[in-house]
Amino acid sequence: MARLNTFPVSVKVAGRRIVIVGGDEEALAKARLAAKTSAEVVVFAPEVEADFSGLDVSVVERVAQAADFAGAALAFIADHGPEGQRALEMARAAGVPVNEVDVPENCDFFTPAIIDRAPISIAISSEGDAPVLARLVRARIEAMLSPGLGALARLAGAMREKAAQRLSDGVARRRYYEALVTSPAIENALDAGQGAAAADALLDAHAGAEPGRGMVWLIGAGPGAEDLLTLRAQRLLQEADVIVHDQLVPSGVVEMGRRDAERISVGKAKGHHSFSQAQINALLVRLAREGKKVARLKSGDPMVFGRAGQEIAALRKAGVEHGIVPGITSALAAAADTATPVTLRKVSSGFVFATAHGADNEDLAHWASLAGSGLTLGLYMGKSIASRVVRQLLAHGLSRSVPVGVVVNAGRAEKALYAGTVGGLAAGEIDFVDGPAIIFVGDAVAHGDWARAEVFAAREWKVA
Ligand code: SAH
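Rules behind the numbers
- Residues numbered from 1 in each chain as written.
- Predicted model: local features only at pLDDT ≥ 70, side-chain atom pairs only at ≥ 80, totals over all residues.
- Heavy atoms only, no water.
- Buried < 20%, exposed > 50% of the residue type's maximum accessible area, 1.4 Å probe, protein only.
- Helix = DSSP H or I, 4+ residues; strand = E, 2+ residues; numbered from the N terminus.
- Right-handed = clockwise from strand over helix to strand, strands pointing away.
- Pairing = 2+ DSSP bridges.
- Near = heavy atom within 4 Å.
- Polar contact = N/O pair within 3.5 Å; in protein donor to acceptor, adjacent residues only side chain to side chain.
- Areas by Shrake-Rupley, 256 points an atom, 1.4 Å probe, with all protein chains shown as cover.
- Nonpolar A, V, L, I, M, F, W, Y, C, P; charged D, E, K, R; others polar.
- Domains from an automatic or database assignment.
- Patch = residues over 30% accessible without salt bridge, like charges linked within 9 Å, V, L, I, M, F, W, Y side chains within 5 Å.
- Salt bridge = Lys/Arg side-chain N within 4 Å of Asp/Glu carboxyl O.
- Contact = heavy atoms within 4.5 Å.
- Buried area = accessible area lost by both parts, 1.4 Å probe.

Participant: Pulling in residues and values, what's your account of the pairing of strand 14 (residues 376-380)?
Facilitator: Remark: a regular strand shows side chains that alternate across the two faces of the sheet. Burial runs high along strand 14: five of the five residues are buried. Covered by surrounding structure in strand 14 are Thr376, Gly378 and Tyr380 together with Leu377 and Leu379, the residues of both alternating faces. This β-α-β element, strand 13 (residues 351-355) to helix 15 (residues 361-372) to strand 14, shows right-handed connectivity. As defined by bridge partners, strand 14 adjoins strand 17 (residues 437-441) across three bridges and the pair is classed as antiparallel. Within strand 17, the residue paired with Gly378 across the bridge is Phe440.

Here it is in structure tokens:
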């Protein structure tokens, strides 16, 4: 993985000096940047070529001297001759970080592309590798941000003391600020010059309110890739005070929550039942009763083999407000990975979500007849018993030639595919790679793209 060679920080320059050495266009460009700050900007150049007249900077028509750098916050050298070199050394001797314009090897710091919504600033840097790209990124971000962002940030800053006095609880304070910076009413009030009054009124409302009502969202995280999350899931993750997640949800997705949100892993990986279902139910109810916003993050879709039923029943019984956000269930991610239409005109008139785990003889007889009649089966939690399950399907009369496809790690970069027939899979155990798997059974499987699949013994169907 590539690592940053620079570390972005914001340098305090208020009340200090920024020294610019040079009098040409290069120096002017840096002066323009520096003049966005409240620092005292001083340009030293024996000959001034560029027009600095419109800028709030002082231009001193002589070469810079050692004393000029004393206590300066930053220095820009836009003179590549011997005078510039001397200035660079003087700046370094005075302990001032230096940037020689366009000479990266002489730079202690770089100037990123800046979005200025004071007091909010966004800096985009490519460490000098791709300034054009950095500017493009800046333009895109600029377009997303309201021009009023700075005013909003100042308003939030102005409310800090009052909010701290009236809202002693950290969670309540965060809710207040969230409401403050997202409410269209506040934005309108700011436009009308009434921002302070509106912020006070909002604070009154929050200070009088009961402690925030807790709530639990059951959120589908999808099969594991971060960009297979829904926008709603992403938003609610950002709002959550606590994220309660299963082992199967990759850390990249769990990380998408707020940095300071509490994260609780409730295990549920195969073989590790660190929390019982009853304990998870009790945990969700307790957190919500403490007034927290809880994101209960589950792999795939919460309503598919996710024990959502038990959790919803517990929340309902406890009178805890709750909601559900669908996710992409792993079988459908597997279908996408392999371009397999799980329903297909004249081939498969339906799709069955089933779990091989704990399936009894009656279930298996039922599935054999469904698959035999053309429905596609999507079997969850069956990798370790795949061969046994298909042997039983055979015993219940399913034809040996029915296609089978297995997707391990569906929807993730490290996915692995296996393809064959019921007869082939029944004949032997397969050495699958590590990871959760979906097993498809049915004629529609043959219509998918399994060209990259490892073929298990005796596959009789052709790759479509
Ligand atoms: N709610 C989840 C299922 C949880 S049960 C969903 O909708 O997908 C756990 C089972 O889901 C695993 O045993 C496996 O069969 C399946 N599974 C979960 N993630 C998977 C993935 N990325 N690829 C293949 N199967 C997966």
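From this point on, the discussion continues.
Participant: Help me get a handle on the site of the ligand, residues and values and all.
Facilitator: The local shell around the ligand holds 18 residues, among which Val304, Thr329, Ser330, Ala410 and Ala437 are the closest. Backbone polar atom of Ala410 to a nitrogen atom of the ligand: 2.8 Å apart, as the coordinates give it. At 2.6 Å, a backbone N or O of Ala437 approaches an oxygen atom of the ligand. Taken by itself the ligand offers 540 Å² of open surface, and the protein chains cover 92% of this. Grouping the constituent residues of the shell around the ligand by class yields 11 nonpolar, five polar and two charged. Two domains each put at least three residues into the shell around the ligand: domain 3 (215-328) and domain 4 (332-455).

Participant: Please set out a nonpolar patch on the surface residue by residue, giving values where relevant.
Facilitator: A cluster of nonpolar residues, Phe305, Ile328, Leu332, Phe353 and Met381, forms a patch on the protein surface that exposes about 430 Å² of accessible area. You can see Phe353 is positioned in strand 13. The exposure class assigned to Phe353 is partly exposed, which follows from its relative accessible area of 38%.

Participant: Explain the domain arrangement of the chain residue by residue, including any values.
Facilitator: Note on interface size: it is often stated as the accessible area lost on association of the parts. When cut into domains, the chain gives domain 1 (17-111), domain 2 (158-207), domain 3 (215-328) and domain 4 (332-455). Here the C-alpha centroids of domain 2 and domain 3 sit 29 Å apart. Taken together, the four residues of domain 2 in the interface contact six residues of domain 3. Surface buried jointly by domain 2 and domain 3 totals about 390 Å² across both partners, of which 32% is contributed by carbon and sulfur atoms. For the domain 2 face of the interface with domain 3, the top three residues by lost area are Arg174, Arg175 and Glu178, together amounting to 89%. If you look at where domain 2 meets domain 3, you find two salt bridges. Here Asp241 ties to Arg175 by a salt bridge, and the two come within 3.2 Å at their closest N and O atoms. Inspection of the region where domain 2 meets domain 3 yields three residue pairs in polar contact (both at pLDDT 80 or more).

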